[in-house]
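Report on the structure
Listed here are the chains, written in short residue letters.
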Amino acid sequence: MAKRIRKAVFPVGGMGTRFLPATKAMPKEMLPVVDKPLIQYAVEEARAAGIEEFIFVTGRGKTVIEDHFDHSVELHNMLVQRGDHEKATLIRGSMFKPGQVAYTRQQEALGLGHAVWCARNLVGNEPFAVLLADDLIMAETPCLKQMVDVFGSTGGNVIAVTEIPSEHTDRYGVLDIGFDDGRLVEVKGLIEKPKPAEAPSTLSVIGRYILQPEIFGHLHLRETGAGGEIQLTDAMAKMIGDVPFHGLRFEGRRFDCGDKAGFFEANLAFALARDDMRDDFAAIIKKYI
């Protein structure tokens with residue numbers, strides 16, 4: 001029987017250069033989709049999947065993320081004094097319980113694989129999840145919860161996957177697949193950012209992973225791959241054949257919020273999905289169309 005997934009790693013040390021100048025002083029993970037920062041969506045998804053311990057791999061200038069998930073006494077007291085108990089409850093809902101969150105720093109930007117490796121001592125010897133806040137997923141059942149449910153049957157490594165245009169394979173980690181039942185696929189190989197002519201499929205990894213702790217042994221070698229960085233995809237590829245490895249076509253919509261167009265689309269989609277904003281946003285869209 002597969003172990004329960006209790007811990008999640010959130011790599012948040014990136015510089016967010018695609019969104020300059022907005023991210024000069026503000027972490028990209030704090031960019032709001034409607035009225036909630038990207039990182040909070042990721043944390044709420046993890047909570048809904050049963051995660052109990054939250055590990056943030058940060059970098060310079062990221063202390064605002066710590067502050068966001070901490071108690072703001074002044075703000076809370078001000079809201080209570082004004083009688084705005086709804087907002088007071090709202091901001092308390094983003095807090096962690098004592099001892100439930102840990103922060104460790106990635107001192108050099110050496111790639112996603114290196115960021116995950118930085119969390120090794122906090123993860124320990126148990127399977128864990130990794131969530132990238134850039135990938136925002138709208139789903140009735142949260143994406144990580146879908147993956148945890150699959151992991152209960154398969155064990156091993158489980159990654160969320162999605163179809164991409166063939167001309168975009170050089171932006172993602174691409175799968176070489178075995179059996180495919182339409183939802184769950186066997187991962188036979190992983191290639192980081194292959195050229196379209198060399199891609200084994202158009203099925204791509206996105207920023208949701210359930211990984212076995214053995215991956216830290218591969219990441220410890222600090223081998224570089226695409227872009228001269230330590231790639232998580234390369235380390236996962238070395239585990240194929242050693243542990244069960246599956247990709248899940250999750251149910252839901254994924255928004256690439258590391259891209260300006262994807263971020264804008266996410267704001268539109270999440271606003272239109274809200275009863276308190278749908279009509280106003282629809283009117284604005286009609287105005288500009």
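Bear in mind that the values here come from a model prediction, so they are computed numbers and not experimental data.

Looking along the chain, the bond that leaves Leu20 and enters Pro21 is cis, with omega of 5°. The residue Val34 is not glycine, and still its phi comes out positive at about 65°. Among the structural elements, Val34 can be located in the loop between strand 2 (32-33) and strand 3 (36-37). Phi is positive for Lys193, close to 55°, though the residue is something other than glycine. Inspection of the secondary structure puts Lys193 in the loop between strand 10 (184-192) and strand 11 (203-211).

Our next topic: the packing of aromatic side chains. Considering all chains together, one arrives at eight aromatic pairs under this definition. The interplanar angle of 20° and the centroid separation of 5.0 Å between the aromatic rings of Phe10 and Phe56 together place this pair among those described as stacked. Of this pair, Phe10 sits in strand 1 (residues 7-11) while Phe56 is found in strand 4 (residues 53-58), placing the two residues 46 residues apart along the sequence. As far as the burial class goes, Phe10 and Phe56 line up, both buried. Measuring from ring centre to ring centre gives 5.2 Å for Tyr41 and Phe270, while their planes differ by 70°; the resulting arrangement is edge-to-face. Separated by 229 residues along the polypeptide, Tyr41 in helix 1 (residues 38-48) and Phe270 in helix 10 (residues 260-272) bring together distant segments of the chain. Relative accessible area serves as the criterion here: at 14%, Tyr41 is assigned to the buried category. One aromatic cluster is present, built from ring pairs that chain together Phe10, Phe54, Phe56, Phe69 and Tyr103. When the ring centre of Tyr41 is taken as reference, the NZ or CZ atom of Lys36 above it lies at 4.8 Å.

Within an α-helix, residues lying three or four positions from one another point in the same direction, as the helix has 3.6 residues per turn. Of all eleven residues that make up helix 1, eight are buried, and the element is covered over most of its length. Those residues of helix 1 lying buried are Leu38, Ile39, Gln40, Tyr41, Ala42, Val43, Glu45 and Ala46. Just downstream of helix 1, Gly50 is the residue with a positive phi angle, here 95°.

Most of strand 11 is tucked away, with nine of its nine residues classed as buried. Here four bridges tie strand 6 (residues 128-131) to strand 11, and the two strands are oriented antiparallel to one another. Paired with Val130 across the bridge in strand 11 is Tyr209. Here five bridges tie strand 8 (residues 157-163) to strand 11, and the two strands are oriented antiparallel to one another. In the strand pairing of strand 11, Val158 is matched with Ile210.

Structurally, His68 is set in helix 2 (residues 63-68). On the accessibility criterion, His68 (23% relative accessible area) is partly exposed. A distance of 2.8 Å separates polar atoms of two side chains, one belonging to His68 and the other to Gln40.

Further remarks concern the pairing of strand 10. Bridging between strand 9 (residues 173-180) and strand 10 involves six bridges; their strand directions are antiparallel. Bridge pairing in strand 10 links Asp176 to Gly189. Pairing between strand 10 and strand 12 (residues 245-249): three bridges, direction antiparallel. Each bridged residue has a counterpart across the sheet, and for Glu186 the counterpart in strand 12 is His246.

Across the protein, the average pLDDT comes to 88, with 94% of residues at 70 or higher. By mean pLDDT, the top-scoring element of the protein is strand 6 (97), and the lowest-scoring one is helix 4 (residues 85-92) (67).

Let's shift gears to the side chain of Thr23. Mapped onto the fold, Thr23 is located in the loop between strand 1 and strand 2. By relative accessible area, Thr23 is classed as buried at 6%. Dropping the residues within four chain positions of it, Thr23 is found in contact with Met15, Gly16, Lys28 and Leu31.

The subject of this paragraph is the packing of helix 10 against helix 11 (residues 278-288). Viewed as axis vectors pointing N to C, helix 10 and helix 11 meet at an angle of 135°, and their least axial separation amounts to 8 Å. With respect to each other, helix 10 and helix 11 are oriented oblique. Contact residues: Asn267, Leu268, Ala271 and Leu272 in helix 10; Arg278, Phe281, Ala282 and Ile285 in helix 11. Taken together, the residues that form the contact of helix 10 with helix 11 break down as six nonpolar, one polar and one charged.

Rules and cut-offs
Residues numbered from 1 in each chain as written. Predicted model: local features only at pLDDT ≥ 70, side-chain atom pairs only at ≥ 80, totals over all residues. Heavy atoms only, no water. Helix = DSSP H or I, 4+ residues; strand = E, 2+ residues; numbered from the N terminus. Phe/Tyr/Trp six-rings, centres within 6.5 Å; stacked < 30°, edge-to-face > 60°. Buried < 20%, exposed > 50% of the residue type's maximum accessible area, 1.4 Å probe, protein only. Lys NZ or Arg CZ within 6 Å of the ring centre and 35° of its normal. Pairing = 2+ DSSP bridges. Polar contact = N/O pair within 3.5 Å; in protein donor to acceptor, adjacent residues only side chain to side chain. pLDDT = per-residue confidence, 0-100. Contact = heavy atoms within 4.5 Å. Axes fitted to C-alpha atoms, helices over the stretch in contact; angles between N-to-C directions. Parallel < 35°, antiparallel > 145°, perpendicular 65-115°, else oblique. Nonpolar A, V, L, I, M, F, W, Y, C, P; charged D, E, K, R; others polar.

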